[in-house]
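Secondary and tertiary structure notes
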Amino acid sequence: MKRFSDLNPIATAVYYMCVLGITMFSMQPLMLCISLVTSILTCVYDRSVKVKGHIFTAVLFLIAAVINPLFVHNGVTVLFYLNDNPFTLEALVYGIVAAGMIAAALYWLRSMSAALSSDKIMYIFGRFSPKIALIISMSLRYIGLFKERFRKIQNTQRALGLYDDGNLIDALRGRARVLSILITWTLENGIVTAESMEARGYMSGRRTSYAPYRIHMADISFIALSLALTAIAIIGLRNTQTVFYPDMRFELFTPWGIAGAAAFALLCLLPIIINIKEAVKWRLLISKA
Amino acid sequence: MAFIDIKGLSFTYPESEKKAIDDVSFSIERGSFTALMGATGSGKSTLLRLLKPELRQNGTVLGEILFDGADITTLSGRQSAERIGYVAQNPDEQFVTDKVWHELAFTLESLGAPRDRIARRIAEICAFFDIDSLYQRSTSTLSGGQKQIINLASVMTADPELLILDEPTAQLDPIAASRFIEAVCRLNRETGLTVLISEHRAEEILPRCDSVVILEKGHTAFVGSPRELARGLEPDSPYTAYLPTAARIFIAAGGSGEPPLTIREGQRYISELDLTEKAIHEEITPNKSEPALELKNVYFRYDKQGFDILSDLSLTVYRGEVFALLGSNGAGKSTAACVGAGLLKPYSGKVQVFGKKLKEFRNGALYKECLSLLPQDVESVFIHETVGEELKGCEEALGLLPYDLTPLFDRHPYDISGGERQLVALCKALSTKPRLLILDEPSKGLDVNSKRLLTDVILSLKSQGVTVLIISHDVEFAALCADRCALFSQGRIAACDTTADFMSDNRFYTTAASRITRFKLSGAYTDEKAVRLIKPGGGAT
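Residues numbered from 1 in each chain as written. Chains lettered and ligands numbered in written order. Predicted model: local features only at pLDDT ≥ 70, side-chain atom pairs only at ≥ 80, totals over all residues. Heavy atoms only, no water.

Some words on the interface of chain B and chain A
Put simply, the rule is: In what follows, a contact means two residues having at least one pair of non-hydrogen atoms within 4.5 Å. The term buried area denotes the loss of accessible surface (1.4 Å probe radius) that occurs when two parts are joined, taken as the sum for both partners. The salt bridge definition used is simple: a Lys or Arg side-chain nitrogen within 4 Å of an Asp or Glu carboxyl oxygen. Throughout this description, a polar contact denotes any pair of N or O atoms lying within 3.5 Å of each other; where both atoms belong to protein, one of them has to be capable of donating a hydrogen while the other can accept it, and for residues adjacent in sequence the pair is counted only when both atoms sit in side chains.
Taken residue by residue, the interface counts 58 residues in chain B and 51 residues in chain A. Roughly 4,800 Å² is buried in total at the junction of chain B and chain A, and carbon and sulfur atoms are behind 54% of that figure. When residues of chain B are sorted by the area they lose upon contact with chain A, E93(B), W101(B) and R115(B) head the list and together hold 15% of the total. The interface formed by chain B and chain A holds 6 salt bridges in total. Where R200(A) meets E103(B), a salt bridge forms, and the shortest distance between an N and an O atom there is 2.6 Å. For the pair chain B and chain A, the number of links is 27 residue pairs in polar contact (both at pLDDT 80 or more).

With respect to the packing of aromatic side chains
All names here are of chain A. Spelled out, the test is: The rule is short: rings of Phe, Tyr and Trp, with Trp giving its six-membered ring, pair when the centres are within 6.5 Å, and they are stacked under 30 degrees, edge-to-face over 60, tilted in between. With a 1.4 Å probe rolled over the protein chains alone, any residue whose accessible area is under 20% of its type maximum counts as buried; one over 50% counts as exposed, and the rest are partly exposed. Helix and strand assignments come from DSSP, with helices taken as H or I runs of at least 4 residues and strands as E runs of at least 2, each series counted from the N terminus. Lysine and arginine charges are scored as sitting over a ring when NZ or CZ, respectively, is within 6 Å of the ring centre and within 35 degrees of the ring normal.
Tallying each qualifying case throughout the model produces 21 aromatic pairs over all chains. Here the aromatic rings of Y15 and Y16 are separated by 5.3 Å at their centres, their planes lie at 80°, and the arrangement is edge-to-face. Taking the relative accessible area as the measure of exposure, Y15 reaches 0% and is therefore buried. For Y16, a relative accessible area of 1% corresponds to the buried category. Ring centres of Y94 and Y245 lie 5.7 Å apart, and the angle between their planes is 35°; this geometry places the pair in the tilted category. Residue Y94 is located in helix 4 (residues 89-115), and its partner Y245 is located in the loop between strand 3 (241-243) and strand 4 (249-251); the two are separated by 151 residues in the primary sequence. These aromatic residues form a ring-pair network of at least three members: F4, Y15, Y16, W108 and F222. A cation over an aromatic ring shows up here: R149 above the ring of W185, its NZ or CZ 4.3 Å from the ring centre.

Some points on the nonpolar core
Filter applied, for reference: To qualify as a nonpolar core, a set must consist of buried Ala, Val, Leu, Ile, Met, Phe, Trp, Tyr and Cys residues joined through side-chain atoms within 4.5 Å.
Within the largest apolar cluster, 115 residues are counted, with the highest numbers of intra-cluster contacts made by Y15(A), F129(B), I131(B), L152(B), L163(B), L165(B) and L206(B). Apart from the residues within four sequence positions on either side, F129(B) is in contact with I149(B), L152(B), A153(B), M156(B), A183(B) and L187(B).

Observations regarding the domain arrangement of chain A
Our working rule: Domain delimitation in this document rests on an assignment produced automatically or drawn from a domain database.
Under the domain assignment, chain A is made up of domain 1 (4-120 + 217-288) and domain 2 (136-199). The gap between the C-alpha centroids of domain 1 of chain A and domain 2 of chain A is 43 Å.

A word on the sheet that holds strand 3 (residues 33-37) of chain B
The strands making up a sheet are joined through hydrogen bonds of the backbone, oriented either antiparallel or parallel. Residue and element names in this part refer to chain B. To keep it simple, the criterion reads: Think of it this way: DSSP has to see at least two bridges between two strands before they count as a pair. Note on definitions: angles span 0 to 180 degrees between N-to-C directions of axes, and those axes are lines fitted to C-alpha atoms, for helices only across the stretch in contact.
Pairing is mixed across the open sheet formed by 6 strands, whose spatial order is 6-7-8-3-9-10. Since the sheet does not close on itself, it has two edges, and those belong to strand 6 (84-87) and strand 10 (219-224), each with one partner. Ignoring strand direction, the axes of neighbouring strands in this sheet form an average angle of 15°. Bridge count for strand 6 against strand 7 (residues 162-166) is 4 bridges, and the pairing is parallel.

Right, here's the structure in full:
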């Protein structure tokens, strides 16, 4: 098997759909606990989240956890009264679980955006429609081009003494002028791009979509494994009970519930397991050589 | 029968009386390399576009073009895309996608080729052009030369029979340009590809091509081999501008026999002359008055993690001189200009303009009547719909130019030629009455005549006391207008001298005239100076 990031983008996408699907639609404390812990592990392992990102998520988690009991007063166990409104244990637990879901989903999304670069997303769309793939690719190119040109125009206008940013009105006026030049420049030269496309046979017939990715056996077995684990996790979820209101009733550790949780934990840890396995294999190969 | 037969071709743009192409006839053999030359506006681009059916402009066409025996207009869009490759001037605008590999795949994707064939062609092309290392890169991170090679490679994936190039190297520095032309020559030599190229760079193209076509105002002024062209020209013919330096010196000095085309042939010609070693001793007293711009031990980098673009750069431009900062593309010359103009802040070092620190100029005072910087991309200067509106308030600056821009006042700034656009932008830069003018690659994309015009403008500015700093990769251009030259390398100045010493002491980074004459003559770094030594009292080109 290859490293996780070397898998075919379709396999990667299927994987994240599975993990995110269970994370976002389960609202079950055990599963969410697994998801949150493993998502943090994954992001720390592949360094896709920096310190700032962790702090942001922690603050968001705290706010989300407290907001629910402040506004929802269901539940039988009253902890204390705030402005004559009951602050209940049930609402607090629900808030913590929901906050855990948000935090876990955020971590998984960050990990996904690190794993699925623009190339890979384009490849996935290209399988369905070569035109969409081309549009995405062209848009990405234009974003980069606009940024660079905006900077160039700003510098030019400043160096020619045409750009004041002494006060707000002048600064805004300057910005507007830069934008206007940017649009003229791009539109006037856009014709060259159009001609270049036409000269290279664009619209001369059916398009194909090329991408430097192939589907290997490893990708297929990875997709199969992910789907199987997801299925077990879903069956597990259906065989547990989670009730928050009016009083909490959790039946999480039924036999199927345990199997489902184990399957989900394995699913969540797949990227780390694959990468560690590869690293070990690599070490062994080097030590033999 | 020839591969391409152009018979009595004329073309008129709609709502125009004048024919842009007028009764042009010539033919191109399969596997030949043809150069199309002519001044801006002579109809080169129009002619090339007529040879690529998808890019034909609206207008009336008379006469016919036979492509491999059949009328070229009968080719379907698909056939034309497959059989005729076309590379245009601007490297950036021809890109469609964001990644190099996708750009390489674009042509075959459009033609609906299966994946296996695309993969195979890309692999072949990458090996041929040696661009494997660029495969995964974003197109925006490439240098101009790399971009143009990718454009060429992308067109070549379809394996065309005819390759048309419309001034492909106009935006490139000399080194990247000759690398590009070498790649085109290799395609011609090693795969038998038929090439038709329009080009200003006679130095590289002429010795390599099989035939030359010169267009003038839509007519063919000359069709034949480069040697025939060189043999038939008188010293005062305007077409000498399309010859390489060796041939120009030969003709101007009234040489007899076979005219030289390459540097090597030029050296042989000089060595066979009955000349005693001569030198031009120009008494140049470097004008070391007060400095206009002073950079002292300047360090600059874009990212904290990045590397130093400027590293211990020290540079002084004195009041009233024309100073040329030379070096290859991407070396950081433009960055140095931006630091000098206060657009970028160095993390260490001192920058002074007219003896004052940049910090002491407040509220844009630096850019009012003190310093002006004209960037490479003059598009970033234009705001208005017409040249006239653009130049409102620049009347005084207009008077400084030895060239009348008023006939252009009704045109859109994007619709005038590159040389004219450069002058309009220059005029705008002069409207704030700068005492120090920084020009970033002013000669980029200009033809011979526009360059000459720009040289005159710069010299006339100098005579009016304006200090000019030119950032350029164009050695020939710097030789004509600079008082001092510096070679920029590794983030600092590697050599700085008066133009005469700079050009004579350099072996590789110097003018063609200097390279041709260096064994016999010294100080002959322009055509004119070389001719003056070879033929005392002789005329100048």
